[in-house]
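The lines below spell out each chain.
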Amino acid sequence: GAVVSQHPSRVICKSGTSVKIECRSLDFQATTMFWYRQFPKQSLMLMATSNEGSKATYEQGVEKDKFLINHASLTLSTLTVTSAHPEDSSFYICSARGGSGGAETQYFGPGTRLLVL
Amino acid sequence: DAKTTQPTSMDCAEGRAANLPCNHSTISGNEYVYWYRQIHSQGPQYIIHGLKNNETNEMASLIITEDRKSSTLILPHATLRDTAVYYCIAHNFGNEKLTFGTGTRLTIIP
(Lines give C-alpha, C1' and ligand atoms only; values in the text may rest on other atoms or scores of the structure.)
Protein backbone atom coordinates (compact mmCIF):
# COMPACT_ATOMS: atom_id res chain seq x y z
CA GLY A 1 0.00 0.00 0.00
CA ALA A 2 0.96 3.63 -0.27
CA VAL A 3 -1.56 5.90 1.40
CA VAL A 4 -0.57 9.28 2.74
CA SER A 5 -3.00 11.41 4.69
CA GLN A 6 -2.96 15.06 5.64
CA HIS A 7 -4.87 16.92 8.30
CA PRO A 8 -6.58 19.30 8.11
CA SER A 9 -7.72 19.36 4.49
CA ARG A 10 -8.38 23.07 4.69
CA VAL A 11 -7.83 25.73 7.31
CA ILE A 12 -8.64 29.41 7.64
CA CYS A 13 -6.70 31.42 10.17
CA LYS A 14 -6.10 35.01 11.17
CA SER A 15 -2.91 36.80 10.27
CA GLY A 16 -0.27 36.35 12.99
CA THR A 17 -1.45 32.98 14.21
CA SER A 18 0.30 29.63 13.73
CA VAL A 19 -1.08 26.64 11.88
CA LYS A 20 0.06 23.03 12.15
CA ILE A 21 -0.42 20.55 9.31
CA GLU A 22 0.04 16.82 9.86
CA CYS A 23 1.24 14.32 7.27
CA ARG A 24 0.97 10.59 7.93
CA SER A 25 1.98 7.53 5.95
CA LEU A 26 -0.81 5.12 6.81
CA ASP A 27 0.42 1.76 5.57
CA PHE A 28 4.16 2.10 5.22
CA GLN A 29 7.10 3.56 7.06
CA ALA A 30 8.69 6.63 5.56
CA THR A 31 12.17 7.64 6.62
CA THR A 32 11.91 10.64 4.32
CA MET A 33 8.99 12.99 3.86
CA PHE A 34 8.76 16.10 1.73
CA TRP A 35 6.77 19.30 1.95
CA TYR A 36 5.65 21.16 -1.16
CA ARG A 37 3.72 24.36 -1.78
CA GLN A 38 1.58 25.10 -4.80
CA PHE A 39 0.17 28.48 -5.75
CA PRO A 40 -2.80 28.75 -8.12
CA LYS A 41 -2.04 27.75 -11.71
CA GLN A 42 1.57 26.89 -10.80
CA SER A 43 3.45 23.66 -10.36
CA LEU A 44 4.55 22.14 -7.06
CA MET A 45 7.57 23.71 -5.43
CA LEU A 46 9.58 21.75 -2.90
CA MET A 47 9.93 23.54 0.42
CA ALA A 48 11.87 21.07 2.52
CA THR A 49 12.99 17.48 2.95
CA SER A 50 12.34 15.88 6.30
CA ASN A 51 14.22 12.86 7.60
CA GLU A 52 13.02 10.99 10.65
CA GLY A 53 14.96 11.93 13.73
CA SER A 54 17.00 14.71 12.15
CA LYS A 55 16.62 18.34 11.15
CA ALA A 56 14.84 19.16 7.94
CA THR A 57 16.69 20.42 4.88
CA TYR A 58 15.10 23.55 3.47
CA GLU A 59 15.17 24.72 -0.13
CA GLN A 60 16.72 28.05 -0.96
CA GLY A 61 14.41 30.93 -0.11
CA VAL A 62 12.29 28.98 2.39
CA GLU A 63 12.56 30.37 5.92
CA LYS A 64 13.19 27.57 8.36
CA ASP A 65 12.07 29.65 11.34
CA LYS A 66 8.76 30.36 9.67
CA PHE A 67 8.03 26.87 8.39
CA LEU A 68 8.85 24.52 11.25
CA ILE A 69 9.09 20.86 10.32
CA ASN A 70 9.13 17.98 12.77
CA HIS A 71 9.52 14.34 11.71
CA ALA A 72 9.30 12.55 15.03
CA SER A 73 8.35 9.09 13.78
CA LEU A 74 8.49 6.95 10.66
CA THR A 75 4.85 7.69 9.92
CA LEU A 76 4.36 11.32 10.93
CA SER A 77 5.75 14.66 9.86
CA THR A 78 4.31 18.05 10.80
CA LEU A 79 4.63 21.46 9.18
CA THR A 80 3.90 24.50 11.33
CA VAL A 81 3.42 27.83 9.61
CA THR A 82 4.32 30.36 12.27
CA SER A 83 3.00 33.90 12.36
CA ALA A 84 1.06 33.29 9.17
CA HIS A 85 0.48 36.14 6.73
CA PRO A 86 -1.90 36.38 3.78
CA GLU A 87 0.97 35.67 1.37
CA ASP A 88 1.37 32.26 3.05
CA SER A 89 -2.06 31.29 1.71
CA SER A 90 -1.41 28.33 -0.54
CA PHE A 91 -1.95 24.62 -1.12
CA TYR A 92 0.49 22.64 1.02
CA ILE A 93 1.19 19.05 0.01
CA CYS A 94 3.33 16.45 1.71
CA SER A 95 4.80 13.29 0.28
CA ALA A 96 6.41 10.23 1.78
CA ARG A 97 8.96 8.00 0.16
CA GLY A 98 8.45 4.24 0.16
CA GLY A 99 5.39 2.05 -0.24
CA SER A 100 4.53 -0.49 -2.89
CA GLY A 101 6.14 1.42 -5.77
CA GLY A 102 9.53 0.88 -4.23
CA ALA A 103 11.72 2.64 -1.69
CA GLU A 104 12.36 5.55 -4.05
CA THR A 105 8.78 6.30 -5.07
CA GLN A 106 7.11 9.31 -3.49
CA TYR A 107 3.45 9.12 -2.57
CA PHE A 108 1.56 12.32 -1.98
CA GLY A 109 -1.07 13.38 0.49
CA PRO A 110 -4.31 15.04 -0.59
CA GLY A 111 -3.06 18.50 0.32
CA THR A 112 -4.04 21.19 2.82
CA ARG A 113 -5.48 24.46 1.60
CA LEU A 114 -4.45 27.31 3.88
CA LEU A 115 -6.18 30.68 3.77
CA VAL A 116 -4.76 33.42 5.96
CA LEU A 117 -7.06 36.39 6.49
CA ASP B 1 17.22 15.38 -12.58
CA ALA B 2 17.21 15.80 -16.34
CA LYS B 3 14.89 18.34 -17.92
CA THR B 4 11.70 17.00 -19.46
CA THR B 5 9.50 18.60 -22.11
CA GLN B 6 5.80 17.93 -22.43
CA PRO B 7 3.01 19.50 -24.50
CA THR B 8 1.11 22.10 -22.55
CA SER B 9 -2.28 20.58 -23.19
CA MET B 10 -4.03 17.73 -24.98
CA ASP B 11 -7.59 16.57 -25.56
CA CYS B 12 -8.74 12.98 -25.87
CA ALA B 13 -12.17 11.51 -26.54
CA GLU B 14 -13.70 9.44 -23.78
CA GLY B 15 -13.12 5.74 -24.33
CA ARG B 16 -10.13 6.25 -26.59
CA ALA B 17 -6.50 5.71 -25.66
CA ALA B 18 -4.72 8.81 -24.40
CA ASN B 19 -1.08 8.96 -25.44
CA LEU B 20 0.97 11.53 -23.54
CA PRO B 21 4.48 12.17 -24.87
CA CYS B 22 7.51 13.29 -22.91
CA ASN B 23 10.93 14.27 -24.17
CA HIS B 24 13.94 13.72 -21.92
CA SER B 25 16.84 13.86 -24.36
CA THR B 26 19.47 14.54 -21.68
CA ILE B 27 18.42 11.73 -19.37
CA SER B 28 21.32 9.89 -17.78
CA GLY B 29 21.69 6.14 -17.40
CA ASN B 30 20.66 6.06 -13.75
CA GLU B 31 17.56 8.24 -14.08
CA TYR B 32 14.14 6.67 -14.02
CA VAL B 33 11.13 8.07 -15.86
CA TYR B 34 8.30 8.75 -13.42
CA TRP B 35 4.74 9.79 -14.21
CA TYR B 36 2.37 11.45 -11.77
CA ARG B 37 -0.94 13.16 -12.32
CA GLN B 38 -2.74 15.84 -10.37
CA ILE B 39 -6.47 16.13 -10.46
CA HIS B 40 -7.75 19.59 -9.62
CA SER B 41 -7.31 20.53 -5.94
CA GLN B 42 -5.76 17.20 -5.02
CA GLY B 43 -2.24 15.98 -4.32
CA PRO B 44 -0.32 14.30 -7.14
CA GLN B 45 -1.03 10.62 -7.74
CA TYR B 46 1.74 8.19 -8.64
CA ILE B 47 1.03 6.41 -11.93
CA ILE B 48 4.03 4.43 -13.08
CA HIS B 49 7.79 4.50 -13.49
CA GLY B 50 10.43 2.72 -15.54
CA LEU B 51 14.10 2.67 -16.44
CA LYS B 52 14.55 0.95 -19.81
CA ASN B 53 11.82 -1.59 -20.35
CA ASN B 54 8.21 -0.83 -21.06
CA GLU B 55 6.03 -1.08 -17.99
CA THR B 56 2.34 -1.71 -17.45
CA ASN B 57 0.16 -1.59 -14.38
CA GLU B 58 -3.53 -1.29 -13.64
CA MET B 59 -3.53 2.42 -14.42
CA ALA B 60 -1.37 2.83 -17.50
CA SER B 61 1.43 1.67 -19.76
CA LEU B 62 4.79 3.36 -20.12
CA ILE B 63 6.66 3.06 -23.38
CA ILE B 64 10.31 4.16 -23.29
CA THR B 65 12.24 4.48 -26.54
CA GLU B 66 15.35 2.37 -26.96
CA ASP B 67 17.63 5.40 -26.70
CA ARG B 68 15.63 6.54 -23.62
CA LYS B 69 15.36 10.05 -24.97
CA SER B 70 11.58 10.03 -24.91
CA SER B 71 8.65 8.14 -23.49
CA THR B 72 4.89 7.88 -23.83
CA LEU B 73 2.32 7.32 -21.13
CA ILE B 74 -0.71 5.46 -22.40
CA LEU B 75 -4.09 5.46 -20.69
CA PRO B 76 -5.80 2.66 -22.64
CA HIS B 77 -9.45 3.68 -22.23
CA ALA B 78 -9.69 7.26 -21.04
CA THR B 79 -12.58 8.27 -18.81
CA LEU B 80 -13.72 11.70 -17.68
CA ARG B 81 -11.98 11.06 -14.34
CA ASP B 82 -8.64 10.96 -16.15
CA THR B 83 -8.85 14.72 -16.75
CA ALA B 84 -5.80 16.04 -14.89
CA VAL B 85 -2.33 17.55 -15.24
CA TYR B 86 0.17 14.81 -16.04
CA TYR B 87 3.79 15.24 -14.98
CA CYS B 88 6.73 13.37 -16.51
CA ILE B 89 9.85 13.45 -14.33
CA ALA B 90 13.31 12.06 -14.98
CA HIS B 91 14.45 11.14 -11.49
CA ASN B 92 17.89 10.14 -10.25
CA PHE B 93 17.54 7.88 -7.23
CA GLY B 94 20.63 9.46 -5.75
CA ASN B 95 18.78 12.76 -5.64
CA GLU B 96 16.01 12.75 -3.06
CA LYS B 97 14.09 15.58 -4.67
CA LEU B 98 11.41 15.30 -7.32
CA THR B 99 11.32 18.33 -9.59
CA PHE B 100 7.93 19.05 -11.11
CA GLY B 101 7.69 20.89 -14.42
CA THR B 102 4.53 22.36 -15.86
CA GLY B 103 3.12 19.04 -17.12
CA THR B 104 0.44 18.34 -19.71
CA ARG B 105 -3.13 19.32 -19.01
CA LEU B 106 -5.16 16.39 -20.39
CA THR B 107 -8.85 16.99 -20.95
CA ILE B 108 -11.08 14.02 -21.69
CA ILE B 109 -13.96 15.04 -23.95
CA PRO B 110 -17.33 13.26 -23.52
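Computed from a predicted structure; not experimentally measured. (Residues numbered from 1 in each chain as written. Chains lettered and ligands numbered in written order. Predicted model: local features only at pLDDT ≥ 70, side-chain atom pairs only at ≥ 80, totals over all residues. Heavy atoms only, no water.)

A. Main features of the environment of B:His77. Residues and elements named next belong to chain B. Relative to the helices and strands, His77 is located in the loop between β7 (70-75) and β8 (84-92). In this structure, the C-alpha to C-alpha distance between His77 and Ala60, residues 17 residues apart in sequence, is 9.4 Å. Non-local contacts of His77, meaning those with residues more than four positions away in its chain, are made with Gly15, Arg16 and Asp82. (Helix = DSSP H or I, 4+ residues; strand = E, 2+ residues; numbered from the N terminus. Contact = heavy atoms within 4.5 Å.)

B. Region of interest: the side chain of A:Arg37. Residue and element names in this part refer to chain A. For Arg37, the position within the fold is in strand β4 (residues 32-38). Within the buried core, Arg37 has no salt-bridge partner, and the shortest N-O distance to an opposite charge, that of Asp88, equals 4.7 Å. When neighbours within four sequence positions are excluded, Arg37 is seen to be in contact with Ser43, Leu44, Met45, Met47, Phe67, Ser90, Phe91 and Tyr92. (Buried < 20%, exposed > 50% of the residue type's maximum accessible area, 1.4 Å probe, protein only. Lys, Arg positive; Asp, Glu negative; His and termini not counted. Salt bridge = Lys/Arg side-chain N within 4 Å of Asp/Glu carboxyl O.)

C. Region of interest: the packing of aromatic side chains. Under the criterion given, the structure shown has twelve aromatic pairs over all chains. Geometrically, the ring pair formed by A:Phe67 and A:Tyr92 is tilted, given 6.4 Å between the ring centres and 40° between the ring planes. Placement of A:Phe67 in strand β7 (residues 67-73) and of A:Tyr92 in strand β9 (residues 90-97) is noted, with a sequence separation of 25 residues between them. Each member of the pair, A:Phe67 as well as A:Tyr92, is classed as buried. Ring geometry for B:Tyr36 and B:Tyr46: centres 5.9 Å apart, planes at 70°, overall edge-to-face. A residue pair is termed long-range when its members are at least 10 positions apart, and B:Tyr36 in strand β3 (residues 31-38) and B:Tyr46 in strand β4 (residues 45-50) qualify at ten residues. There is no split in this pair, since B:Tyr36 and B:Tyr46 are both buried. An aromatic cluster is built from A:Phe28, A:Tyr36, A:Tyr107, A:Phe108, B:Tyr34, B:Tyr36, B:Tyr46, B:Tyr87 and B:Phe100, whose rings are joined through pairwise contacts. (Phe/Tyr/Trp six-rings, centres within 6.5 Å; stacked < 30°, edge-to-face > 60°.)

D. Here's a closer look at the interface of chain B and chain A. Opposite the 16 residues of chain B that make contact, chain A presents 22 residues. Carbon and sulfur atoms make up 51% of the surface buried where chain B meets chain A, a total of about 1,500 Å² over both sides. Joining chain B to chain A, the criterion identifies one salt bridge. A salt bridge links A:Glu59 to B:Lys97, with the nearest nitrogen and oxygen atoms 3.1 Å apart. The tally of links between chain B and chain A comes to six residue pairs in polar contact (both at pLDDT 80 or more). Looking at the side of chain B that touches chain A, the elements that each hand over two or more residues are β3 and β4 of chain B. (Buried area = accessible area lost by both parts, 1.4 Å probe. Polar contact = N/O pair within 3.5 Å; in protein donor to acceptor, adjacent residues only side chain to side chain.)

E. Broad picture of the pairing of strand β9 (residues 104-109) of chain B. Residue and element names in this part refer to chain B. The side-chain alternation of β9 yields one buried face, formed by Thr104, Leu106 and Ile108, and one unburied face, formed by Arg105, Thr107 and Ile109. Note that strand β1 (residues 9-13) and β9 share five bridges and pair parallel. By the bridge assignment for β9, Asp11 is matched with Thr107. Direction of pairing for β8 relative to β9: antiparallel, over a ladder of three bridges. Its bridge partner being in β9, Ala84 is matched across the sheet by Leu106. (Pairing = 2+ DSSP bridges.)

F. Representation of the nonpolar core. Core analysis: the biggest nonpolar cluster contains 40 residues, and A:Tyr36, A:Phe108, A:Leu114, B:Tyr36 and B:Phe100 have the highest contact counts within it. If you tally residues by element for this core, the top one is β9(A), at five residues. Setting aside chain neighbours within four positions, we find A:Tyr36 in contact with A:Leu44, A:Met45, A:Leu46, A:Met47, A:Phe91, A:Tyr92, A:Ile93, A:Ser95, A:Gln106, A:Phe108, B:Leu98 and B:Phe100. (Core = buried A, V, L, I, M, F, W, Y, C linked by side-chain atoms within 4.5 Å.)

G. Main features of the pairing of strand β6 (residues 61-64) of chain B. All names here are of chain B. Looking at chain direction, strand β5 (residues 55-56) and β6 are connected through two bridges and run antiparallel. The residue of β6 that forms the bridge with Glu55 is Leu62. Hairpin geometry of β5 and β6 is characterised by an intervening segment of four residues between the two adjacent antiparallel strands. Both β6 and β7 contribute to a ladder of four bridges, which runs antiparallel. In the sheet register, Leu62 faces β7, and the bridge partner there is Leu73.

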